[in-house]
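Commentary on secondary and tertiary structure
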Amino acid sequence: MRAILEAAEQVLSHDSGASMEQIGDAAGVARTTVHRRFANRQTLIDALAISAIQQLAEAIEEGRPDTAPPLVALYRVTANVLKTKNAWKFTLGNPTADTSAAALIWERINTRCMDLLTRARREGLLDAAADLEWTRQVYYALMSEALQRPTPGSEDADTDALAELVVDTLLHGAGRRTQ
């Protein structure tokens, strides 16, 4: 099933109208195998969305948002999210399945982000008066924009540099630093 989902991500990122047969070919399985696992294209898209969102949630947890120092956690979470979003550009860049399972995962992701931003504010990384909901929206927008930025070099180096750029912009803005 994992091979089918990964192949679907790759195939659909190049051709959003690709057939189940094309996805099966890319996964190295017959179309009938794809249909046995997924009754129709929408079922496959729904499973793809849930898988990608779940991997995004796991990437956040791997950043240790509760236990690492807030600045370290913010950097790790950002780098992990950027890597995951880069690997699942088609799925995470499109409206996802409107299922209760997806909504629960998104709710958990948003809560984890708010928890991390609250820690960052408590530790003085963010202004005490910062509107955390607005900060979360800006943080998400910065990550989305970072993924659109063309950068040369290795993928990991790019992701680390982009994570640094996102965190630095979130914490310091684009103005002159006074520190």
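Everything in this summary refers to the structure shown in the same document. This one's a predicted model, so the numbers in the text were calculated from it and none came from an experiment. (Residues numbered from 1 in each chain as written. Predicted model: local features only at pLDDT ≥ 70, side-chain atom pairs only at ≥ 80, totals over all residues. Heavy atoms only, no water.)

**Quick word on the side chain of Arg136**
This is how it is decided: Secondary structure elements follow DSSP: runs of H or I no shorter than four residues count as helices, runs of E no shorter than two count as strands, and numbering proceeds from the N terminus. Per-residue accessibility, obtained with a 1.4 Å probe over protein chains only, is compared with the maximum for each type, and a residue is labelled buried under 20%, exposed over 50%, and partly exposed between these values. Should any heavy atoms of two residues lie within 4.5 Å, those residues are counted as being in contact.
Residue position: Arg136 is located in helix 8 (residues 132-148). Owing to a relative accessible area of 10%, Arg136 belongs among the buried residues under this scheme. Setting aside residues up to four positions removed in sequence, Arg136 forms contacts with Asn110, Cys113, Met114 and Leu117.

**A closer look at the nonpolar core**
Cut-off, in case you're wondering: Note on terminology: a nonpolar core comprises buried Ala, Val, Leu, Ile, Met, Phe, Trp, Tyr and Cys residues joined through side-chain atoms within 4.5 Å.
Core analysis: the largest hydrophobic core is formed by 49 residues, its most contacted members being Phe38, Leu44 and Tyr139. Listing elements by their share of this core, those giving two or more residues are helix 1 (2-14), helix 2 (20-27), helix 4 (41-62), helix 5 (70-87), helix 6 (89-92), helix 7 (100-122), helix 8 and helix 9 (155-172). The leading source of residues in this core is helix 4, at eight residues. Excluding residues within four positions of it along the chain, Leu44 makes contact with Ile4, Leu5, Ala8, Met20, Ile23 and Phe38.

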